[in-house]
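Overview (structure and organization)
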Amino acid sequence: MKRRTHTPRPGWPALLLVLAMLAAACGGGGVEGGGDAGPTEGDAGTAGAVTDSPPETQTESTSTGTEPAGTETTGTTTGTETPTGSAAEGEPIKIGMATTLSGSIALFGEANRNAAELAVDQLNEAGGVLGRPVELIVADDQAAPEEGVRIARDLIIDEGVSMLLGPVSSGVALAISEVSAERQVPFIVHTSNTEALTVQEFQPYVVSVVPNTGMEARAQGVDLAGSEYTRWATIAPNYEFGQRQTATFVETLQAEKPDVEIVAQQFPELGESDYQPFITSLLAASPEAVYTPLFAGDLVTFTQQAADLGFFDQVYFTALYETDALQELGDAVDLEGIRAYSRCPFTIDTEQMAAFVETYEAAYGEVPSDWACMAYDAVNLWAEVVEENGDLDADAFVETVEGFEFTSLRGDTHIREIDHQAAVPSYIAELTFDDELGFYVYGETTVVPAEDIWLSEEDVEAARAG
Amino acid sequence: MTTQAFVLQLLTGLSRAAILFIVAAGLSLVFGALRVVNVAHGSFFMVGAFVGVTVIEAVEGPAGFVLAVAAAVVVVAVLATLVETLALRRLYTSEHLLQLLATFACVLIFSDLVQFLWGERPRSVRQPRLVSGSINLGGVIFPRYSLFLIAVAVVLAVALWALMTRTRLGRDIRAAVSDPEMLGLVGANVPLLFTVVFALGGALAAVGGVLAAPQSTARLGMDIDIIIESFAVVIIGGLGSLVGTAVGALLVGLTFSFGILFVPQAALAIVFVVMVAVLMWRPYGLFGVVER
């Protein structure tokens, strides 16, 4: 083999090009872990850019009758296959779910899908909706807004779905919300929760059954203002969600308790693998308490590394420990007494939750995560509203859903008229080890009602006007 | 700032530098001999981590950890050999852009492969008991595992130095760095040497991956995260220089850990400011040699 002796210089331009390609790969979310996807990402900026392609083009390209790529039909019923003992007959009603089934947050998407499948199966066993079987079509949005737009359009135009569910990433949610408005199809969000969905970027066909980012951060602030700690530090993933959540928390805490002082703030990149220098930097400022909106794998990594640095012995800590993270941590770290908050823990004490946990465990061999519980609520809310209306008309759906009262896994709740936000609370508790399950669960739980933490109607209007 | 806080920040910076050095050394070695900027180096790191985690889960105790390193090294060395013989070998005479594209294609392929084989869930494993938990160094509580990482990096650095200066293989590699054509003329099997060097570089990434997994997790996306920082290291140190890689890793690790202490919002930016400053002062990096 011969090599040229005078090879061209590698040249930094070429290297920069590749780094740019890597960055592009990050943005796609499908290939890598960190990216800009998160269960709570509030990246409003990505929504506008991706919905520019004219709908006509989309119709043309999809009207060839081919199945949208990556779409799987998971409904248990088709025209020929009616479940035994069911009274459901006729053309199935199709509903679509766009969620993330690839990449690092696919875990959430899988939980979404599992729970929605379970809900649909139960509806069909009980005779369907409007006497017709329900068919759920799930598609992978790859945590990319443009992909979310594409599959939302495919689901609506090709499949003719009556309702959209999903997604995990708020960036995708904002993009799909525009499609929902344009095509006038109800869109229920159950995992992504940027406050922009129901406030600044509100459109009448969107409904949220998940406490939004503002509600979560304010719940934390209100809850912890009652503690004795005044020297606080924060650590949050360095993107729009992390920064905004932290700012709202600090604002609320200081409004409730003016002598609170923020002694250190850290913003590691999303998907950071080594939190040690961040943790030691926080400790160097000797805070009494630390708040973080880190979540999922990042929170697990943070927790393990913090434990080995003696962090939990030195500060009071509060974070979004949802079921997945707690399961992952198992008994590896002593979390006793840590103040955790969550959106829909499976330990919520309602009859509905107990029944759901039992069915879910039987079906999937594990307890449902928050992402499963809320997707289940979304399907059932839709079914109840449609049953109430007696038809699938989208505008009738909007009219009925405003102020609609229903029983969720989290108990009785209703949908507020002004922003279509479900009056769902935030759950805060000290963690306690469950010997039977082998991981930490929520102990005695403080339920912060929606009324205490959501924006007042005046504030919603002001935010929309401003 | 207390002495304890300073020592703690120093140690976290060193342990960050440790993984970076191990991974970037492979990247730099490959560039030095083959003149290929291997973007898929991060993929070798990720594959190594997942293989390692799988073995550690299957085999208990310290033996499992040693076995994990061995398995990861073997698997990745085989993968690297395939990449070198099937793809890169045909591209040495092409322009660098084609090599970059080829290795970038490998990034995508390996990423999908890992997702297919191991799924979406991040995998975490316990640290080996011998080096788990923390140790009290005169009031400074520090993880044993991080100290272990620093020690391994030092041992590997010495081993690599010995390899390069004391062995026949090292002599050939150094000869290849300065003039592969001449090396071929004097009878060395240059294609084989290149394959061996590429596999060795991959193996270093794999070792880094196995070592990193118990500290954080094995997860999708770790390939991209590590490659970006590794590039910063080798660009600062000079592509192809082992000493440069060590200095680069220390600079990046320590700049980062002290950077976030003083300017939290801009730590990563500071690392790249250092990189740009070095490039302006020495366009080939601190210890890099001018392109042959």
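One can find the structure itself at the top, above this paragraph.
To keep things clear, this report deals only with the structure shown in the data block.

Thresholds, definitions, all that
- Starting afresh in each chain, residues are numbered from 1 along the sequence in its written order.
- Written order decides the labels, with chains lettered from A and ligands numbered from 1.
- Restriction of local features to residues with pLDDT of at least 70 applies here, the model being predicted, together with a cutoff of 80 or more for giving and counting side-chain atom pairs; totals for whole chains, interfaces and linings are based on all residues.
- Only hydrogens and water are removed before side-chain values are computed, so all heavy atoms of the structure are retained for them.
- Each helix corresponds to a stretch of at least 4 residues labelled H or I by DSSP, and each strand to a stretch of at least 2 residues labelled E; elements are numbered beginning at the N terminus.
- Burial here depends on accessible area, computed with a 1.4 Å probe over protein chains only, as a share of the maximum for the residue type. Under 20% is buried, over 50% is exposed, and the range in between is partly exposed.
- In short, Shrake-Rupley with a 1.4 Å probe defines the accessible areas, and a residue's cover is counted only from the protein chains shown.
- The criterion used for residue contact is that any of the two residues' heavy atoms lie within 4.5 Å.
- Take a side-chain nitrogen of Lys or Arg and a carboxyl oxygen of Asp or Glu: if they are within 4 Å of each other, that pair is a salt bridge.
- Surface patches are drawn from residues lacking salt bridges whose relative accessible area is over 30%; two like charges belong together within 9 Å, two nonpolar side chains (Val, Leu, Ile, Met, Phe, Trp, Tyr) within 5 Å.
- As used throughout, the charge tally considers Lys and Arg to be positive and Asp and Glu to be negative, leaving His and the chain termini uncounted.
- By convention, the point assigned to a charge is CZ for Arg, NZ for Lys, CD for Glu and CG for Asp.
- We define the nonpolar core as a collection of buried residues of types Ala, Val, Leu, Ile, Met, Phe, Trp, Tyr and Cys that are connected through side-chain atoms lying within 4.5 Å of one another.
- A domain assignment, automatic or from a database, supplies the domain bounds used here.
- Centres within 6.5 Å are what make two rings of Phe, Tyr or Trp a pair, Trp counting through its six-membered ring; a difference in plane orientation under 30 degrees is then read as stacked, over 60 as edge-to-face, and the rest as tilted.
- Think of it as a cone above the ring: NZ of Lys or CZ of Arg counts as a charge over the ring if it is within 6 Å of the ring centre and within 35 degrees of the ring normal.

**Comments concerning the overall build of chain A**
Looking only at helices and strands, chain A features 17 helices and 15 strands. Out of the 466 residues in chain A, the part that is buried amounts to 62%. Of the roughly 16,200 Å² of accessible surface on chain A, a fraction of 46% belongs to carbon and sulfur atoms.

**What about the environment of Val152(B)?**
Residues and elements named next belong to chain B. Tracing the backbone shows valine 152 in helix α5 (residues 144–166). The class of valine 152 is buried, set by a relative accessible area of 18%. Note: C-alpha distance between valine 152 and glycine 208 (56 residues apart in sequence) is 10.0 Å. Those residues within four positions of valine 152 in sequence are excluded, and the remaining contacts are Ile22 and Leu211.

**Considerations on the pattern of salt bridges**
Within this structure, the stated rule accounts for 20 salt bridges over all chains. When the shortest N-O distance is used, the salt bridge between Arg150(A) and Glu147(A) registers 2.9 Å. Within this pair, Arg150(A) and its partner Glu147(A) are both found in helix α5 (residues 145–157), separated by three residues, close to a single helical turn. We classify Glu147(A) as buried; its relative accessible area is 15%. Of the charged contacts in the structure, one is a salt bridge between Glu229(B) and Arg16(B), with a shortest N-O distance of 3.6 Å. Separated by 213 residues along the polypeptide, Glu229(B) in helix α9 (residues 222–237) and Arg16(B) in helix α1 (residues 3–34) bring together distant segments of the chain. Note on Glu229(B): relative accessible area 18%, which makes it buried. Three or more residues joined by partner-sharing salt bridges are found here, namely Glu272(A), Asp274(A), Arg16(B) and Glu229(B).

**Regarding a negative patch on the surface**
A cluster of acidic residues, Glu417(A), Glu457(A), Glu458(A), Asp459(A) and Glu461(A), forms a negative patch at the surface. Its location among the elements puts Glu417(A) in the loop between β13 (411–414) and β14 (426–434).

**What to know about the nonpolar core**
Counting 191 residues, the largest nonpolar core has Ile188(A), Phe311(A), Tyr321(A) and Trp382(A) as the members making the most contacts within it. Looking at which element gives the most residues to this core, the answer is α1(B), with 17 residues. When residues are assigned to domains, this core turns out to be shared by domain 1 (4–211 + 351–421) and domain 2 (214–346 + 427–465) of chain A, each giving three or more.

**Let's talk about the packing of aromatic side chains**
In the structure shown here, the tally under the stated rule is 29 aromatic pairs over all chains. With a centroid separation of 6.3 Å and 55° between ring planes, the pair formed by Tyr275(A) and Phe278(A) is classed as tilted. Of the two residues, Tyr275(A) and Phe278(A), both sit in the buried class. Measuring from ring centre to ring centre gives 5.0 Å for Phe433(A) and Tyr440(A), while their planes differ by 70°; the resulting arrangement is edge-to-face. Phe433(A) gets classed as partly exposed once you look at its relative accessible area, which sits at 26%. On the accessibility criterion, Tyr440(A) (7% relative accessible area) is buried. Put simply, the rings of Tyr275(A), Phe278(A), Phe302(A), Phe311(A), Phe312(A), Phe317(A), Tyr321(A) and Phe256(B) touch in pairs and so form one group of aromatic residues. Here the basic side chain of Arg416(A) rests over the ring of Trp454(A), its NZ or CZ set 3.9 Å away from the ring centre. The cationic tip of Arg16(B) hangs over the ring face of Phe256(B); the distance from NZ or CZ to the ring centre is 3.8 Å.

**With respect to unusual backbone geometry**
Phi is positive for Ala143(A), which is not a glycine, with a value near 60°. Locating Ala143(A) in the fold gives a position in the loop between β3 (134–140) and α5. Of note in this structure, Arg35(B) is not a glycine but carries a positive phi near 55°.

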